[in-house]
Amino acid sequence: MRVKGKHCRTVWMEGREVFLIDQNQLPFKFKIIKSSSYKETCRAIKTMLVRGAGAIGAAAGFAMAQAVLEGKREAGRREIEATRPTAQNLFYAVKRVYNARDAYQEAQAIADEDAESCKRIGEYGNKLIKKGARILTHCNAGWLAFVDYGSALSPIYAAHRKGKRIFVFVDETRPRGQGARLTAWELKNEKVPHAIIPDNAAAYFMSQGEIDLVIVGADRIAKNGDTANKIGTLEKAICAKRYGIPFFVAAPTSTFDLKCKSGKQIPIEERSREEVLYQTGITKRGKVEKVLVASPGSIAKNPAFDVTPAELIAGYITEKGILTPKKFQTARHPRL
Ligand code: MRU
């Protein structure tokens, strides 16, 4: 993706250093952070400075390469794998780099493959998008969630570039606001017409016939096609089924976890209650501030992901093509 006219990846490695776009500062500031050790890269993943399945995977692969270069192969693997539990790409990348002869080359290869896969997802997914389509997406499964292009947003960018005059409904995605903050920022950058909607407005727009298609990303896809994605995805899938709107999941095959037989085995991350109780924004004077937005003293619960059963999914847009749930379940694994 181009930022201020320059092509930029979300995460990359040069020598022993890993460079990351600080996603916690977006959309207010565009800042690149340098991490000089695997521990620093672990912290970046844990604090969601880098987030989104593919970007977490690439960052974890680079962190594993840093750990190997620092002579901390075993401790490094343990610490990296303990950063975030749900995104399969993290475990996929760490395992590959840990077992590689040349950890640095392997980590670079994973990042390149991620970008290439997402580009292909865009080409395949574009075929599903009709002229003038109104598409709903949840969270951020865009360029920022991967190394480049994105998963759910990649077909949207491809369709927009083909002049299909699409419109995107962007769920704000409480509590961290990845839709309102990141997806909206990306779409604006690429001049894709869009509107941010409250999370609880999707069913209304569907009931009014204003949404033609739903495309979301995935953090982990089990062998039976059940899909873990950002909290709120399940609700959108149920609503889409009710109104007969096709609901697609876009993900590279590195997100498939064939050891998980069904969604029941996918670990769901529980994040800090602070993310629900407080919100960060920018004042009219340009100061970034965190404020309490709930009744003082109340507690909160904050599961970060939910699982959408395969029966609600029309298909999976992958770098190998579009698979129906049936085709997915009967495909010869691994990686189809
Ligand atoms: O907690 P996050 O922001 O790392 O969550 C991951 C996501 O961005 C979403 O669930 C996304 O839709 C899938 S990741 C490409």
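Residues numbered from 1 in each chain as written. Predicted model: local features only at pLDDT ≥ 70, side-chain atom pairs only at ≥ 80, totals over all residues. Heavy atoms only, no water.

A.B. asks: I would appreciate a short explanation of the nonpolar core in the present structure.
C.D. replies: It is characteristic of soluble globular proteins that their nonpolar side chains tend to be buried jointly. Counting residues in hydrophobic clusters, the biggest one holds 34 residues, and the most contacted among them are V11, L20 and I80. Those elements that place two or more of their residues in this core are β3 (11-14), β4 (17-21), α1 (38-46), α2 (53-69), α4 (88-99) and α5 (103-126). Setting aside residues up to four positions removed in sequence, I80 forms contacts with Y38, C42, A60, A63, M64, L90 and V94. Ranked by size, the runner-up nonpolar core spans 29 residues in total, among them V3, W143, V170 and L213. (Core = buried A, V, L, I, M, F, W, Y, C linked by side-chain atoms within 4.5 Å. Buried < 20%, exposed > 50% of the residue type's maximum accessible area, 1.4 Å probe, protein only. Helix = DSSP H or I, 4+ residues; strand = E, 2+ residues; numbered from the N terminus. Contact = heavy atoms within 4.5 Å.)

A.B. asks: Please clarify how the site of the ligand should be interpreted in this entry.
C.D. replies: Around the ligand lies a shell of 17 residues, among which R51, R84, D219, N229 and K230 are the nearest. Interatomic distance of 3.1 Å between a backbone N/O atom of N140 and an oxygen atom of the ligand. When the free accessible area of the ligand is taken as 400 Å², the share hidden by the protein chains comes to 100%. In this structure, the ligand is accommodated by the largest cavity. Of all the secondary-structure elements, those providing two or more residues to the shell around the ligand are α2 and β11 (227-230). Considering only residue class, the shell around the ligand consists of nine nonpolar, four polar and four charged. (Near = heavy atom within 4 Å. Polar contact = N/O pair within 3.5 Å; in protein donor to acceptor, adjacent residues only side chain to side chain. Areas by Shrake-Rupley, 256 points an atom, 1.4 Å probe, with all protein chains shown as cover. 1 Å grid on protein atoms, 1.4 Å probe; cavity = no way out; pocket = protein on both sides within 12 Å on 5 of 7 lines; lining within 4 Å. Sits in = over half its atoms within 2 Å of the grid points. Nonpolar A, V, L, I, M, F, W, Y, C, P; charged D, E, K, R; others polar.)

A.B. asks: What is the right way to look at the domain arrangement of the protein chain in this model?
C.D. replies: One frequently used descriptor of interface size is the decrease in accessible area upon assembly of the parts. Each assigned domain of the protein chain is listed here: domain 1 (2-117), domain 2 (122-269 + 302-330) and domain 3 (270-301). Using only C-alpha atoms to locate each centre, domain 1 and domain 2 end up separated by 23 Å. Taken over both partners, the interface formed by domain 1 and domain 2 buries close to 2800 Å², and the fraction arising from carbon and sulfur atoms is 51%. Sorting the residues of domain 1 by area buried against domain 2 places R51, T86 and Q88 first, and these three jointly supply 23% of that buried surface. In this assembly, domain 1 and domain 2 are joined by one salt bridge. Two residues, E269 and R84, come together in a salt bridge whose shortest N-O distance is 2.8 Å. Summed over the shared surface of domain 1 and domain 2, the result is 22 residue pairs in polar contact (both at pLDDT 80 or more). Mapped onto the side of domain 1 that touches domain 2, the elements with two or more residues apiece are β1 (2-3), α2, α4 and α5. Element by element, the count of residues in the side of domain 1 that touches domain 2 is highest for α4, at five residues. (Domains from an automatic or database assignment. Buried area = accessible area lost by both parts, 1.4 Å probe. Salt bridge = Lys/Arg side-chain N within 4 Å of Asp/Glu carboxyl O.)

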